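# Coordinate inspection notes
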Amino acid sequence: MVEGVIGTDILQTDGFSTCATNGTRAAVSVQRVKISYNNDNKTVSFDVAGTSTQVQNVTAMLNVTAYGQQIYSNTFDPCSPGTLVKQLCPVPVGTFAAKGTQAIPAQFADLVPAIAFQIPDIAAMATLQLISKDTGVKVACIQSAVNNGKTASVPAVSYVAAGVAGAALVLTGVSAAGAAFAGGSAAIGGSTTAGGMGTISPSFTEVFGWFQGMAMNGMMSVNYPPVYRSFAKNFGFSTGLVPWNQLQTSIDSFRAATGGNLTNMNVGFLRNATLVYADGSTSTIKVRRAVDDFLVLASRQIETSVNATAESGGGMQSPESIRVAVSGIQAYVQELSIPSANTFMTVLLVVAIAIAAIAVGILLVKVILEFWALFGSFPKALTGFRKHYWGSIGRAITALILLLYGVWVLYCVFQFTQGDSYVAKTLAGVTLALFTGILAFFSWKIWSTANRLKKMEGDITGLYEDKSIWVKYSLFYESYRKDYWWIFVPTIVYMFAKGSCLAAADGHGMLQTIIQLIIEAIMMILLIWSRPYEHKSSNVINIVIQVVRVLSVVCILVFVEQFGIAQTTQTVTGVVLIAVQSALTGILAILIAWNAISACCKENPHRKRRKEMEKTQQRDTLTSLGPRNSLLIDRTQTGSSTETADSFSIGKTGYGVDTTSSMPPLPSTSPDRFSPDRFSGAATRRRVPQT
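Model, not experiment: these values are computed from the prediction.

## Description of the overall build of the protein chain
Each helix and strand in the protein chain was counted, giving 19 helices and 14 strands. Residue burial in the protein chain is summarised as follows: out of 691 residues, 49% are buried. Of the contacts formed within the protein chain by residues at least 6 apart in sequence, a portion of 72% connects residues at least 24 apart. Accessible surface, the protein chain: about 32,400 Å² in total, of which carbon and sulfur atoms supply 62%.

## Focus: unusual backbone geometry
One non-glycine residue, Lys-42, adopts positive backbone phi at about 55°. Note on placement: Lys-42 falls in the loop between strand 3 (28-38) and strand 4 (43-52). Lys-42 gets classed as partly exposed once you look at its relative accessible area, which sits at 28%.

## Quick word on the confidence of the model for the protein chain
For the protein chain, the average pLDDT comes to 76, and 74% of its residues sit at 70 or higher. Note on residues 1-7: pLDDT under 50 across the span, and 21 contacts to partners over four residues away in sequence or across chains. When the criterion is pLDDT under 50, residues 178-198 qualifies, and its contacts beyond four places in sequence or with other chains add up to 67 contacts.

## Brief notes about a nonpolar patch on the surface
The grouping of Val-367, Phe-371, Leu-374 and Phe-375 at the surface amounts to a nonpolar patch, some 490 Å² of accessible area in total. Within the secondary structure layout, Phe-375 lies in helix 8 (residues 343-375). On the accessibility criterion, Phe-375 (73% relative accessible area) is exposed.

## Regarding the side chain of Thr-13
Along the chain, the position of Thr-13 falls in strand 2 (residues 10-18). Among all residues touching Thr-13, those that are not within four sequence positions of it are Val-33, Lys-34, Ile-35, Ser-144, Ala-145, Val-146 and Asn-147.

## Topic: the side chain of Ser-238
Topologically, Ser-238 is positioned in the loop between helix 4 (226-233) and helix 5 (245-257). Of the polar contacts made by the side chain of Ser-238, one reaches the backbone oxygen of Phe-211; its length is 3.4 Å. A polar side-chain atom of Ser-238 sits 2.7 Å from the main-chain carbonyl oxygen of Phe-235. Excluding its chain neighbours within four sequence positions, the residues that come into contact with Ser-238 are Phe-208, Phe-211, Gln-212, Ala-215 and Leu-404.

## Some words on the sheet that holds strand 12 (residues 282-284)
In space, the three strands of this open sheet follow the order 12-11-14, with mixed pairing throughout. One side of each edge strand has no neighbouring strand; the edge strands of this open sheet are strand 12 and strand 14 (322-325). Taking the axes of each pair of neighbouring strands and ignoring which way they run, one obtains an average angle of 30° across the sheet. For strand 11 (residues 273-276) and strand 12, the ladder comprises three bridges, and the chain directions are antiparallel.

What counts, and at which threshold
- Residues numbered from 1 in each chain as written.
- Predicted model: local features only at pLDDT ≥ 70, side-chain atom pairs only at ≥ 80, totals over all residues.
- Heavy atoms only, no water.
- Helix = DSSP H or I, 4+ residues; strand = E, 2+ residues; numbered from the N terminus.
- Buried < 20%, exposed > 50% of the residue type's maximum accessible area, 1.4 Å probe, protein only.
- Contact = heavy atoms within 4.5 Å.
- Areas by Shrake-Rupley, 256 points an atom, 1.4 Å probe, with all protein chains shown as cover.
- pLDDT = per-residue confidence, 0-100.
- Patch = residues over 30% accessible without salt bridge, like charges linked within 9 Å, V, L, I, M, F, W, Y side chains within 5 Å.
- Salt bridge = Lys/Arg side-chain N within 4 Å of Asp/Glu carboxyl O.
- Polar contact = N/O pair within 3.5 Å; in protein donor to acceptor, adjacent residues only side chain to side chain.
- Pairing = 2+ DSSP bridges.
- Axes fitted to C-alpha atoms, helices over the stretch in contact; angles between N-to-C directions.

Shown next, in the form of structure tokens:
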């Protein structure tokens, strides 16, 4: 999904910065530069303003490069009749401004390749130099990123992705509710797991984890092509990065009061800065108009001013924005208008809001059930939730911790490496220890329970069939087969390793990529070897997701600066990576829609087997096979007859006697007691030993 700002083919500058002028102070200082090329009418529109220390005649030289290759170069004289710009002929002393359009000859217009207008987030750079005619010295030099109005960073992509995750959450909840009404679920309050949620697939956790993976792919310290950088930014919401200006302002105030340094790290500074990436491409965060007003000016209409404001230029603009070199996690979060020093506090507050919403939502359901109970009866399946709603709140919060644990480790370690506010660092340490402690506690409890069951019963079936154990701990292993209930432990380790290594190696792109590749490959091998999920569809989906994660990191290796791969190759790789990740996202969305019809009818297989086991145990209680409670005993007979029948009931032991009696066995006095006409089978014709 690519957003275009206008229907025509246009190339336009995006911010600007000064470039070197042979170590001397520039005689011309530029405050405003806006240049746009319209391919439909072959015209260049410009809006330039600045100051000059002396009167001088200049020659302008414009060069445009794309993906490291020069695609356009032209030199023109502002005093030439064909390219006359009166205000720059000559450049006056003091302030000046000039705005207008110039027609471009066909021989120059044809030099611009058509693909430059089609690829979103084109990696292009324009350089404008003013050279003195008298001395040949470069008196001014400015650079500006060039875009074509098309970008892969589209709000609609984030909304659609959030909608897909929301649909997965709703379907999983509906499935759990349907199972509850059918008598097969006791945890309507929520059920998520690391690697699978409930028994439907793709689940909310699988989808949300996939979005988190794409966001984390965009956080490495490598030279991403602009198109992939913009694409990865769409999934920042899955890691808790929500652009919220008022929230950032509040965090800035909090940091200022707790030892933070706001000099070059606050939301106001960031919105007026130009982000400069390792490959030289730039990005501005401030709000930009899609098309500048000067595009509608008539051809060759020139507006100028000297030592005053332009007639329609709105006055002199502020000097060039401050350039900030960024990479890795800092680049990713600051593209979302979040200062990197605010990252952890932003995620902390977003998670706190989510926890509060979960608690309020469950309490609201509790209140509704209480009113329902006053005026009528509700399904018995909801009785457990009504009585144990606090457990549902705890289960839901634990599920949220499990869902966000990987990115939480990432942001906590990043906060440690960045420093800044001492309170923020303390909160990062406390929450990381708390979340890790909660997961470690549950892991230990489940592991110890499994060992106890093995010693007492010979296997761990009780984890799935004992209702008390299931309600407490199934959150972690309900999607796995019995033989692989322990897979949740390496999954937690995988999330910890992935987040901590990505943050700790920030700034070292090659090291990050290699470590991430090893981690993802190990997890892929584990899934392929074990195929731990209860359903075949869950195994297929999770293995495919993991394979794509490995392939994604392999593609990111192409972006590593040390390998020196050409920008064109990097861009093609970025487009391929976007296509693969988008295709998998689309497949997951289709599968979610497919599950919508049958989700309410499905029941967790482990719960189903547990219910069947309970019914079997109830039948066994009613029809005991014990020697004193056999159905073969005729309770209406005399004592001797009863004993005879009882002796027969244990005759299969090979002795044909009542082992509870102290009397010695007696020979059979009835000639037809074991007659073939009365009983059939070898066991029934076994002879009774004689005394």
